Amino acid sequence: MLRKILPNTFLRFPLTCHFPRAGMSQYGPQFVEPVFKKETIAALEESGEIESVAHVPIKAARNNDTCSVFHDDLVSKFTNYVMKQGNKRLARDLVEKGFENIKRLQLERYHLAESDEERAKLELNPRVILKKAVENSRPLLQLTPIKRGGVRYQVPVPITEKRSYFLAMKWLLEACREKERTVHFPEKMAWEVLDAAANQGKVIKRKQELHRQCEANRAFAHYRWS
């Protein structure tokens, strides 16, 4: 009867029901995360905790989980931040070329050094230099907008460790992409990482500016608990 009265309406707007799909995991709560690193397994064996998880169901390891001695969690995460549109091979090649440029620049400084003391201070491992650059770029505080009495205040709050690592690597990549378009990404990455490792450059200035803003807004810190 309704189709005879409103034929065009049913043709244009078919009767379909949309129900929200609940996000569910294929593993139950009894499954534990896989332990694939040899150092972690050795620590569990020494503490005796490995017996408590010997007969517990374990989730399947991800495709990027590896026990290789050449794997580095920080470098892998930095590569994921460099990646765009899922092209991880290109991101990995760019990071490796950036490491080559860092190594080349450090070797040039090593051979130009006049004394053995200067050579001993130079770090030639690009992975260690990247870790030092990220550690120097990590902020300790951040500003969070909190509304009190109709006014929105910028309140300084401590930052979590995971968030600080994310901001440090994000700032490094933004500084690399802000430079001239005629310079390739590996060269820009080498310059910014070396500057951050030496506690200078755009990223360090950005972190210091954030800390200065947090210091200027320290009077609003009590709004964090109120």
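Our structure is the block above this text.
Residues numbered from 1 in each chain as written. Predicted model: local features only at pLDDT ≥ 70, side-chain atom pairs only at ≥ 80, totals over all residues. Heavy atoms only, no water.

A. Up close: the overall build of the chain. Scanning the chain from N- to C-terminus turns up 10 helices and 2 strands. The linear arrangement of helices and strands in the chain, starting from the amino end, is α-α-α-α-α-α-α-β-β-α-α-α. Sequence-distant contacts in the chain: of pairs separated by 6 or more residues, those separated by 24 or more amount to 66%. In the form shown here, the chain has an accessible surface area of approximately 16700 Å², with 53% of it arising from carbon and sulfur atoms. (Helix = DSSP H or I, 4+ residues; strand = E, 2+ residues; numbered from the N terminus. Contact = heavy atoms within 4.5 Å. Areas by Shrake-Rupley, 256 points an atom, 1.4 Å probe, with all protein chains shown as cover.)

B. Structural view of the nonpolar core. In this structure, Phe78, Val134 and Met189 are the most contacted members of the largest nonpolar core, which totals 32 residues. Breaking this core down by element, the ones donating at least two residues are helix H4 (73-82), helix H5 (88-112), helix H7 (126-137), helix H8 (161-177), helix H9 (185-197) and helix H10 (202-216). (Core = buried A, V, L, I, M, F, W, Y, C linked by side-chain atoms within 4.5 Å. Buried < 20%, exposed > 50% of the residue type's maximum accessible area, 1.4 Å probe, protein only.)

C. Structural context of the environment of cysteine 67. Here cysteine 67 is to be found in the loop between helix H3 (38-47) and H4. Once the C-alpha coordinates of cysteine 67 and phenylalanine 36 are considered, the two residues, 31 residues apart in sequence, prove to be 5.8 Å apart. Those residues within four positions of cysteine 67 in sequence are excluded, and the remaining contacts are Phe36 and Lys38.

Any functional reading would require information beyond the geometric quantities listed.
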